[in-house]
Amino acid sequence: MAVDVKEVSRDVVAGLSLLITQAMVMKTYHSWNPSHSADEDEAKMKRYGERMQQLRDLRNQFEDIMFGEIDD
């Protein structure tokens, strides 16, 4: 069975992009819909921000691995 590596790689990038977007949505949600604890909301927003950055770094690394030039 032949696998279209580029297509699968694009799907992974799209999935990571979706996860980044979801983290952005949740961070925004907690900034506009405060709970009973401001400290808890700030901690959640910080964690979502860190998650976004880690996912962006992972996506960038993956793109470099899969779409970067290979010297033969």
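See the structure shown above.
Below is a short write-up of the structure.

**Focus on the overall build of the protein**
- Scanning the protein for helices and strands turns up two helices and zero strands.
- Whereas a compact globule of 72 residues would reach a radius of gyration of roughly 11 Å, the protein reaches 17 Å, over 25% beyond that.
- For the protein, the spread of C-alpha atoms along the three principal axes comes to 55 × 25 × 15 Å.
- Burial statistics for the protein: of 72 residues in total, 15% are counted as buried.
- As displayed, the protein offers around 5800 Å² of accessible surface, 55% of which is attributable to carbon and sulfur atoms.
- Distance between charge centres in the protein, computed from 9 positive and 14 negative side chains, equals 6 Å.

**Focus: helix H1 (residues 5–32)**
- The end-to-end C-alpha distance of H1 is 41 Å, a good match for the 40 Å that 28 residues give at a rise of 1.5 Å each.
- Buried within H1 are the following residues: Ser-9, Val-13, Leu-16, Ile-20, Ala-23 and His-30.
- Next to the buried residues of H1 lie helix H2 (38–67).

**Quick word on the environment of Leu-16**
- For Leu-16, the location among the structural elements is in helix H1.
- In sequence terms Leu-16 and Arg-59 are 43 residues apart; their C-alpha atoms lie 6.3 Å from each other.
- Not counting residues up to four positions away in its chain, the partners in contact with Leu-16 are Leu-55, Leu-58 and Arg-59.

**Thoughts on the packing of H1 against H2**
- At a minimum axis distance of 9 Å, the contact between H1 and H2 shows a crossing angle of 165 degrees. When the axes of H1 and H2 are compared, the pair comes out roughly antiparallel. The interaxial crossing formed by H1 with H2 has left-handed handedness.
- Residue composition of the contact of H1 with H2, by class: 17 nonpolar, five polar and nine charged.

Each value, and the rule that gives it
- Residues numbered from 1 in each chain as written.
- Predicted model: local features only at pLDDT ≥ 70, side-chain atom pairs only at ≥ 80, totals over all residues.
- Heavy atoms only, no water.
- Helix = DSSP H or I, 4+ residues; strand = E, 2+ residues; numbered from the N terminus.
- Rg over C-alpha atoms; globule rule 2.2 N^0.38 Å.
- Buried < 20%, exposed > 50% of the residue type's maximum accessible area, 1.4 Å probe, protein only.
- Areas by Shrake-Rupley, 256 points an atom, 1.4 Å probe, with all protein chains shown as cover.
- Lys, Arg positive; Asp, Glu negative; His and termini not counted.
- Charge placed at Lys NZ, Arg CZ, Asp CG, Glu CD.
- Expected span 1.5 Å × (residues − 1).
- Contact = heavy atoms within 4.5 Å.
- Axes fitted to C-alpha atoms, helices over the stretch in contact; angles between N-to-C directions.
- Parallel < 35°, antiparallel > 145°, perpendicular 65-115°, else oblique.
- Left-handed = near helix turned anticlockwise from the far one by under 90°.
- Nonpolar A, V, L, I, M, F, W, Y, C, P; charged D, E, K, R; others polar.

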